[in-house]
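# Close look at the chain arrangement
Below are the chains, spelled out letter by letter.
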Amino acid sequence: MLNQKSKTNSIGDVANYEFSPMLLWRHGDRLLLEFEPSFDGSSLGVNWADVSYFFGKGIIVRAGYLVLPFGTYNKRLAAGWINKLAYDPTSITSSPVESDWGIEMCGGWQVGRQKVNLDVALSNGFGINNDGSIYNPGIVDNNLAKTVTGRFGWLPISNSSLEIGVSGIYGRAGMDTGVNRNVSTIMGAADIQYIYSKAPIAINIKAQYNVQYVSRMFYVNPGDSTGQSLFTYNNYTQGYYAMLSLRPVVPNKVLRNFELAGRISQFETPNGAAFETHIRQIDVALDYWINWRTVIKLSYENLLQTNPANAEIALADSKSLSHIIVVQFSVQF
Amino acid sequence: MKKIITIIIAIAGIVLYTTVNGCKINQEIADKSGAQLWAENCRRCHNAPDPSAHYPENWVTVGMHMQSRALLTDRERDKIVQFLQQ
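The sections below set out a description of the structure shown in this document. (Residues numbered from 1 in each chain as written. Chains lettered and ligands numbered in written order. Predicted model: local features only at pLDDT ≥ 70, side-chain atom pairs only at ≥ 80, totals over all residues.)

## As for the nonpolar core
With 26 residues, the main nonpolar core has L85(A), Y241(A) and A70(B) as its most contacted residues. Counting only elements with at least two residues in this core, the list comes to α1 (73-77), β5 (99-111), β6 (114-123) and β15 (236-248) of chain A together with α4 (56-70) of chain B. In contact with A70(B), other than residues within four places in its own chain, are R76(A), N41(B), R44(B) and C45(B). Within the second largest apolar cluster, ten residues are counted, among which are L68(A), V97(A), I169(A) and M187(A). (Core = buried A, V, L, I, M, F, W, Y, C linked by C-beta atoms within 7 Å. Buried ≥ 20, exposed ≤ 12 C-beta atoms within 10 Å, placed from the backbone. Helix = DSSP H or I, 4+ residues; strand = E, 2+ residues; numbered from the N terminus. Contact = placed C-beta atoms within 7 Å.)

What follows is the structure, given as structure tokens:
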């Protein structure tokens, strides 16, 4: 049972839009500049801005503001015309892992009938807030330490239909001075994607599981107005998403443009933290592909967020359940 | 911890280098056409693009961007771009 119920949605709102032009500039066959600003009606941001050099033999070196190679969602699947649901999974949007300033080396290689790929980045990394949550400091780093991010991908089937990946991040998150200077963060992820297409159906499966651990430290108790008492907890965060979509592979020109997609995602911040939150997100969408890069999505989302009570730091519990229906139009050009 | 990570990265690099250089590409894989590679690889993330979506010269740029995202091999990128340019 929910403690409170409130209806805040209404039909007829054209609530959100995002304009993210992807700008590519190539100099010869080896140098590529990539820049993607993003404007959502209220703020202007940058998704990535980097320069890549193609060494040959599959090796690419990149520098700038780059998408960290942690899992596959942020780097490959986040664009509105690729994502089959109207929203991104909460396990991705709630994570501090996104783009960062640094350098990266990556590549993909054929190994017999299989393929492997490797992606390693060295970047500014993460900082830690007073409550133990992790944030991304951006271009002005919070310490001198750099963070290593890497992903190894394996495509065991010769038609590239299956990819399994493991990722990791390690870096010091604490400031260079102070009692928390040695606090570090370790993250891991496992991802899988599988596609199958044979009349009369095409199946698309994508999933990613993330864990995040911050080494032990003491936090100021937000329930103590004097700011003198400290407390600690096991700073362990986890989240996942799993998506399945089905699309008819039939001669009918209208029917084959429909796609039905469903996804579940969960995000759990540490038990006992002041920011403890449990989010469960279920999405279902019926998509219609106007062409290969233009889609209309009729999407429903069920979002349950729970913040448990914590007597030690004087936090009351709260719950919210949202039902969201969205019609979304996405186009890439 | 830093030493462990350095050792793991070094071992992974050695294994990868040895594997890549030790395995010859299967003839069936080497004979795949650009059209086949286009169908197999693009749909890993999104619908396979229409060749008329860009001017032929621009496909080279798009191919480089896609290689860096999906970590295609050089051979795959070149064959897919050649197919899309036709």
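## Section: the packing of α4(B) against helix α5 (residues 74-85) of chain B
All names here are of chain B. One can describe the packing of α4 onto α5 by two numbers: an axis separation of 9 Å at closest approach and a directional angle of 150°. As far as their axial angle goes, α5 and α4 are roughly antiparallel. The two elements α4 and α5 meet at a crossing, and its hand is right-handed. For the pair α4 and α5, the contacting residues are P56, W59, V60, G63 and Q67 in the first and R77, I80, V81, L84 and Q85 in the second. For the contact of α4 with α5, the per-class residue count stands at six nonpolar, three polar and one charged. (Axes fitted to C-alpha atoms, helices over the stretch in contact; angles between N-to-C directions. Parallel < 35°, antiparallel > 145°, perpendicular 65-115°, else oblique. Left-handed = near helix turned anticlockwise from the far one by under 90°. Nonpolar A, V, L, I, M, F, W, Y, C, P; charged D, E, K, R; others polar.)

## A short note on the packing of helix α3 (residues 34-42) of chain B against α5(B)
Residues and elements named next belong to chain B. In the contact formed by α3 and α5, the axes pass within 8 Å of each other and the chain directions differ by 110°. The orientation of α3 relative to α5 falls into the category roughly perpendicular. Here α3 contributes G34, A35, L37, W38 and N41 to the contact with α5, which in turn contributes E76, K79, I80, Q82, F83 and L84. Among the residues forming the contact of α3 with α5, the class breakdown is six nonpolar, three polar and two charged.

## Section: the interface of chain A and chain B
Contact residues are listed per partner, giving 41 residues for chain A and 31 residues for chain B. Of the residues forming the side of chain A that touches chain B, the biggest block, six residues, is contributed by β5(A). By residue class, the composition of the side of chain A that touches chain B is 16 nonpolar, 14 polar and eleven charged.

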